[in-house]
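Each chain, letter by letter, is given below.
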Amino acid sequence: MTAALTVNSARKAFGGLIAVNDVSFEVRRGELLGLIGPNGSGKTTMLNLISGALKPTSGEIMLEGRRISGLPAHAIARQGVARTFQLVRVLPSLDAEQNVMAGAVFGHVRSWGADARKTSRALLDRVGLGARAHMPVSAMTYIDQKRVELARALAANPRILLLDEWLAGLNPSELKIGISLVDELRREGRTIIMVEHVMDAIRSLCDRCVVMSSGRTIAQGGVEETLSDPEVVRAYLGDEDA
Ligand SMILES: Nc1ncnc2c1ncn2[C@@H]1O[C@H](COP(=O)(O)OP(=O)(O)OP(=O)(O)O)[C@@H](O)[C@H]1O
(Lines give C-alpha, C1' and ligand atoms only; values in the text may rest on other atoms or scores of the structure.)
Protein backbone atom coordinates (compact mmCIF):
# COMPACT_ATOMS: atom_id res chain seq x y z
CA MET A 1 0.00 0.00 0.00
CA THR A 2 1.24 3.50 -0.83
CA ALA A 3 2.38 5.38 2.25
CA ALA A 4 0.55 8.61 3.11
CA LEU A 5 3.88 10.43 3.07
CA THR A 6 7.33 9.35 1.95
CA VAL A 7 10.47 11.34 2.65
CA ASN A 8 13.39 10.19 0.51
CA SER A 9 16.92 11.36 1.38
CA ALA A 10 15.76 14.87 2.22
CA ARG A 11 18.51 17.38 2.76
CA LYS A 12 18.42 21.07 3.63
CA ALA A 13 21.52 23.23 3.89
CA PHE A 14 21.58 26.78 5.22
CA GLY A 15 24.96 27.87 3.87
CA GLY A 16 27.44 25.54 5.56
CA LEU A 17 24.94 24.23 8.12
CA ILE A 18 23.13 21.05 7.12
CA ALA A 19 19.92 21.26 9.14
CA VAL A 20 18.40 18.11 7.57
CA ASN A 21 20.91 15.57 6.39
CA ASP A 22 19.76 12.66 4.23
CA VAL A 23 16.56 11.97 6.17
CA SER A 24 14.23 9.20 4.98
CA PHE A 25 11.05 7.91 6.56
CA GLU A 26 7.47 6.97 5.75
CA VAL A 27 4.18 7.78 7.41
CA ARG A 28 1.46 5.20 6.91
CA ARG A 29 -2.17 6.15 6.48
CA GLY A 30 -3.88 6.61 9.82
CA GLU A 31 -0.59 6.62 11.70
CA LEU A 32 0.54 9.11 14.31
CA LEU A 33 4.28 9.48 13.90
CA GLY A 34 6.35 11.30 16.51
CA LEU A 35 9.27 13.31 15.15
CA ILE A 36 11.51 13.89 18.11
CA GLY A 37 15.07 14.86 18.97
CA PRO A 38 17.06 17.38 21.01
CA ASN A 39 16.82 21.13 20.38
CA GLY A 40 18.22 22.18 17.04
CA SER A 41 18.18 18.67 15.58
CA GLY A 42 16.22 19.69 12.47
CA LYS A 43 12.62 18.74 13.31
CA THR A 44 10.98 22.06 12.44
CA THR A 45 13.10 22.32 9.29
CA MET A 46 11.83 18.85 8.32
CA LEU A 47 8.21 20.00 8.80
CA ASN A 48 9.01 23.11 6.75
CA LEU A 49 10.28 20.89 3.93
CA ILE A 50 7.06 18.84 4.01
CA SER A 51 4.75 21.87 4.09
CA GLY A 52 6.74 23.68 1.43
CA ALA A 53 7.78 26.63 3.64
CA LEU A 54 11.30 25.56 2.60
CA LYS A 55 12.47 23.67 -0.48
CA PRO A 56 14.83 20.75 0.03
CA THR A 57 18.38 21.21 -1.23
CA SER A 58 18.03 17.64 -2.50
CA GLY A 59 15.85 14.57 -2.00
CA GLU A 60 12.13 14.26 -2.53
CA ILE A 61 8.89 14.15 -0.59
CA MET A 62 5.80 12.33 -1.88
CA LEU A 63 2.21 12.66 -0.66
CA GLU A 64 0.14 9.57 -1.50
CA GLY A 65 2.77 8.65 -4.08
CA ARG A 66 2.83 12.07 -5.77
CA ARG A 67 5.81 14.34 -5.52
CA ILE A 68 5.12 17.52 -3.54
CA SER A 69 8.67 18.71 -2.86
CA GLY A 70 9.47 21.73 -4.99
CA LEU A 71 5.83 22.90 -5.10
CA PRO A 72 4.97 26.22 -3.42
CA ALA A 73 3.44 26.01 0.08
CA HIS A 74 -0.06 26.98 -1.07
CA ALA A 75 -0.06 24.18 -3.66
CA ILE A 76 1.08 21.67 -1.04
CA ALA A 77 -1.74 22.85 1.27
CA ARG A 78 -4.19 22.24 -1.57
CA GLN A 79 -2.81 18.73 -1.98
CA GLY A 80 -3.73 18.05 1.63
CA VAL A 81 -0.92 19.03 4.01
CA ALA A 82 -2.00 21.22 6.95
CA ARG A 83 0.03 22.34 9.91
CA THR A 84 0.26 24.24 13.14
CA PHE A 85 3.33 26.31 14.00
CA GLN A 86 5.73 26.20 16.91
CA LEU A 87 5.04 29.91 17.44
CA VAL A 88 1.34 30.27 16.73
CA ARG A 89 0.43 32.04 13.48
CA VAL A 90 -3.14 33.28 13.45
CA LEU A 91 -4.78 36.22 11.69
CA PRO A 92 -4.97 38.56 14.71
CA SER A 93 -7.52 41.06 13.40
CA LEU A 94 -10.05 38.31 12.60
CA ASP A 95 -12.20 36.39 15.04
CA ALA A 96 -11.82 32.67 15.77
CA GLU A 97 -14.50 31.62 13.31
CA GLN A 98 -13.01 33.68 10.47
CA ASN A 99 -9.57 32.21 11.17
CA VAL A 100 -10.91 28.69 10.93
CA MET A 101 -12.91 29.55 7.81
CA ALA A 102 -9.66 30.68 6.19
CA GLY A 103 -8.45 27.09 6.54
CA ALA A 104 -11.59 25.80 4.84
CA VAL A 105 -11.21 28.26 1.95
CA PHE A 106 -7.50 27.80 1.24
CA GLY A 107 -6.88 24.14 2.05
CA HIS A 108 -7.41 20.68 0.61
CA VAL A 109 -11.19 20.11 0.62
CA ARG A 110 -12.40 23.65 0.02
CA SER A 111 -15.70 25.12 1.14
CA TRP A 112 -17.11 28.63 1.21
CA GLY A 113 -19.86 30.66 2.85
CA ALA A 114 -22.40 28.79 4.94
CA ASP A 115 -20.60 25.45 4.52
CA ALA A 116 -17.28 26.87 5.68
CA ARG A 117 -19.01 28.55 8.62
CA LYS A 118 -20.70 25.30 9.65
CA THR A 119 -17.41 23.39 9.49
CA SER A 120 -15.71 26.15 11.41
CA ARG A 121 -18.35 26.15 14.18
CA ALA A 122 -18.14 22.37 14.57
CA LEU A 123 -14.35 22.48 14.82
CA LEU A 124 -14.37 25.34 17.31
CA ASP A 125 -16.77 23.29 19.46
CA ARG A 126 -14.43 20.37 19.15
CA VAL A 127 -11.39 22.31 20.39
CA GLY A 128 -13.45 23.82 23.23
CA LEU A 129 -13.93 27.30 21.78
CA GLY A 130 -17.56 27.07 20.68
CA ALA A 131 -18.56 29.90 22.99
CA ARG A 132 -15.81 32.19 21.75
CA ALA A 133 -16.29 31.90 18.00
CA HIS A 134 -16.61 35.67 17.64
CA MET A 135 -13.79 36.70 19.92
CA PRO A 136 -10.91 38.39 18.05
CA VAL A 137 -7.99 36.01 18.30
CA SER A 138 -5.74 38.90 19.37
CA ALA A 139 -7.78 38.96 22.63
CA MET A 140 -7.31 35.23 23.24
CA THR A 141 -4.74 33.53 25.43
CA TYR A 142 -1.84 31.81 23.71
CA ILE A 143 -3.35 28.41 24.44
CA ASP A 144 -6.67 29.38 22.90
CA GLN A 145 -4.85 30.72 19.83
CA LYS A 146 -3.24 27.29 19.55
CA ARG A 147 -6.68 25.72 19.61
CA VAL A 148 -7.81 28.08 16.84
CA GLU A 149 -4.77 27.09 14.81
CA LEU A 150 -5.56 23.39 15.21
CA ALA A 151 -9.18 23.96 14.17
CA ARG A 152 -7.96 25.93 11.14
CA ALA A 153 -5.59 23.12 10.16
CA LEU A 154 -8.47 20.61 10.38
CA ALA A 155 -10.93 22.79 8.48
CA ALA A 156 -9.90 21.54 5.05
CA ASN A 157 -9.88 17.89 6.09
CA PRO A 158 -6.17 17.44 5.32
CA ARG A 159 -4.59 14.17 4.23
CA ILE A 160 -1.81 14.76 6.72
CA LEU A 161 -1.63 17.03 9.72
CA LEU A 162 1.70 18.40 10.98
CA LEU A 163 1.73 19.47 14.62
CA ASP A 164 4.80 21.48 15.63
CA GLU A 165 5.01 21.32 19.44
CA TRP A 166 1.28 21.84 19.72
CA LEU A 167 1.35 20.68 23.34
CA ALA A 168 4.22 22.94 24.43
CA GLY A 169 3.49 25.51 27.09
CA LEU A 170 0.32 23.89 28.39
CA ASN A 171 -0.21 23.55 32.13
CA PRO A 172 -0.87 20.01 33.45
CA SER A 173 -4.67 20.16 33.13
CA GLU A 174 -4.50 21.76 29.68
CA LEU A 175 -1.98 19.12 28.68
CA LYS A 176 -4.41 16.36 29.62
CA ILE A 177 -7.11 17.96 27.49
CA GLY A 178 -4.62 18.54 24.64
CA ILE A 179 -3.46 14.91 24.69
CA SER A 180 -7.01 13.59 24.60
CA LEU A 181 -7.85 15.90 21.71
CA VAL A 182 -4.90 14.59 19.67
CA ASP A 183 -5.85 11.05 20.72
CA GLU A 184 -9.35 11.62 19.33
CA LEU A 185 -7.87 12.74 16.01
CA ARG A 186 -5.74 9.60 15.95
CA ARG A 187 -8.71 7.36 16.73
CA GLU A 188 -10.71 8.83 13.88
CA GLY A 189 -7.93 7.67 11.57
CA ARG A 190 -6.12 10.91 10.78
CA THR A 191 -2.55 10.77 9.60
CA ILE A 192 -0.40 12.98 11.82
CA ILE A 193 3.25 13.90 12.29
CA MET A 194 3.82 15.35 15.71
CA VAL A 195 7.02 17.19 16.63
CA GLU A 196 6.99 17.10 20.40
CA HIS A 197 9.22 17.35 23.45
CA VAL A 198 6.57 16.21 25.94
CA MET A 199 7.59 12.58 26.40
CA ASP A 200 4.34 11.56 28.14
CA ALA A 201 2.51 12.67 25.01
CA ILE A 202 4.92 10.77 22.74
CA ARG A 203 4.49 7.63 24.82
CA SER A 204 0.73 7.77 25.03
CA LEU A 205 -0.04 8.93 21.50
CA CYS A 206 2.52 7.82 18.94
CA ASP A 207 2.42 4.61 16.90
CA ARG A 208 6.06 5.07 15.89
CA CYS A 209 8.85 7.63 16.27
CA VAL A 210 11.59 9.01 14.10
CA VAL A 211 14.44 10.45 16.13
CA MET A 212 16.67 13.18 14.72
CA SER A 213 19.96 14.45 16.06
CA SER A 214 22.18 17.05 14.35
CA GLY A 215 20.10 16.81 11.18
CA ARG A 216 20.28 13.04 10.86
CA THR A 217 17.85 10.24 11.65
CA ILE A 218 19.44 8.24 14.45
CA ALA A 219 16.56 5.83 15.13
CA GLN A 220 13.07 4.96 14.01
CA GLY A 221 10.52 2.35 15.04
CA GLY A 222 8.21 1.54 17.94
CA VAL A 223 8.14 4.17 20.68
CA GLU A 224 9.56 2.26 23.66
CA GLU A 225 12.18 0.49 21.59
CA THR A 226 13.27 3.78 20.02
CA LEU A 227 13.38 5.76 23.24
CA SER A 228 15.54 3.13 24.90
CA ASP A 229 17.99 2.97 21.99
CA PRO A 230 21.42 3.84 23.45
CA GLU A 231 22.16 6.37 20.71
CA VAL A 232 18.87 8.15 21.41
CA VAL A 233 19.57 8.19 25.14
CA ARG A 234 23.03 9.61 24.39
CA ALA A 235 21.62 12.29 22.08
CA TYR A 236 19.24 13.45 24.79
CA LEU A 237 21.75 13.38 27.66
CA GLY A 238 22.53 16.88 28.74
CA ASP A 239 19.52 18.22 26.85
CA GLU A 240 17.26 19.88 29.40
CA ASP A 241 14.11 18.96 27.47
CA ALA A 242 14.83 15.23 27.60
N1 LIG B 1 16.19 29.73 8.23
C2 LIG B 1 17.31 29.27 8.80
N3 LIG B 1 18.52 29.79 8.50
C4 LIG B 1 19.66 29.30 9.06
N5 LIG B 1 19.68 28.29 9.95
C6 LIG B 1 18.52 27.74 10.31
C7 LIG B 1 17.27 28.20 9.75
N8 LIG B 1 16.28 27.45 10.31
C9 LIG B 1 16.87 26.57 11.14
N10 LIG B 1 18.20 26.76 11.15
C11 LIG B 1 19.17 25.98 11.92
O12 LIG B 1 18.96 24.62 11.59
C13 LIG B 1 19.16 23.79 12.74
C14 LIG B 1 17.91 22.97 12.99
O15 LIG B 1 16.87 23.84 13.44
P16 LIG B 1 15.38 23.36 13.69
O17 LIG B 1 14.61 24.56 14.14
O18 LIG B 1 14.90 22.63 12.53
O19 LIG B 1 15.56 22.36 14.91
P20 LIG B 1 14.49 21.72 15.89
O21 LIG B 1 14.87 20.31 16.06
O22 LIG B 1 13.12 22.03 15.38
O23 LIG B 1 14.74 22.53 17.23
P24 LIG B 1 13.75 22.88 18.47
O25 LIG B 1 13.40 21.60 19.12
O26 LIG B 1 14.60 23.75 19.33
O27 LIG B 1 12.57 23.59 17.88
C28 LIG B 1 19.51 24.71 13.89
O29 LIG B 1 20.92 24.75 14.00
C30 LIG B 1 18.97 26.05 13.44
O31 LIG B 1 19.70 27.12 13.99
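This structure is a prediction, so every number in the text was calculated from the model and none was measured.

Topic: the site of the ligand
Stage number 1. Near the ligand, the surroundings consist of Phe14, Leu17, Ala19, Gly37, Asn39, Gly40, Ser41, Gly42, Lys43, Thr44, Thr45 and Gln86.
Stage number 2. The set of elements that each furnish at least two residues to the shell around the ligand consists of strand E2 (17-27) and helix H1 (43-51).
Stage number 3. The leading source of residues in the shell around the ligand is H1, at 3 residues.
Stage number 4. Residue classes in the shell around the ligand are distributed as 3 nonpolar, 8 polar and 1 charged.

Some remarks on the confidence of the model for the protein
Stage number 1. For the protein, per-residue confidence averages 89 on the pLDDT scale, and 95% of positions sit at 70 or higher.
Stage number 2. When the elements of the protein are averaged for pLDDT, helix H3 (residues 96-106) gives the smallest value, 82, and strand E1 (residues 5-14) the largest, 98.
Stage number 3. Our summary of model confidence lists the complex with pTM equal to 0.91 and ipTM equal to 0.96.

Quick look at H1
Stage number 1. For H1, a buried count of 9 out of 9 residues is recorded, marking the element as mostly surrounded by other parts of the structure.
Stage number 2. Among the residues of H1, Lys43, Thr44, Thr45, Met46, Leu47, Asn48, Leu49, Ile50 and Ser51 are the ones counted as buried.
Stage number 3. Following H1 by one or two positions, glycine 52 has its phi on the positive side, about 90°.

Points about the domain arrangement of the protein
Stage number 1. Looking at the protein, the domain boundaries give domain 1 (1-80 + 159-242) and domain 2 (90-158).
Stage number 2. Between the C-alpha centres of domain 1 and domain 2 the distance comes to 24 Å.
Stage number 3. The partner domain 2 presents 10 residues to the 12 residues of domain 1 that form the contact.
Stage number 4. Here the side of domain 1 that touches domain 2 gets 3 residues from one element, more than from any other, and that element is helix H2 (residues 73-79).
Stage number 5. Among the residues forming the side of domain 1 that touches domain 2, the class breakdown is 6 nonpolar, 3 polar and 3 charged.

Thresholds applied
Residues numbered from 1 in each chain as written. Predicted model: local features only at pLDDT ≥ 70, side-chain atom pairs only at ≥ 80, totals over all residues. Near = placed C-beta within 6 Å. Helix = DSSP H or I, 4+ residues; strand = E, 2+ residues; numbered from the N terminus. Nonpolar A, V, L, I, M, F, W, Y, C, P; charged D, E, K, R; others polar. pLDDT = per-residue confidence, 0-100. Buried ≥ 20, exposed ≤ 12 C-beta atoms within 10 Å, placed from the backbone. Domains from an automatic or database assignment. Contact = placed C-beta atoms within 7 Å.

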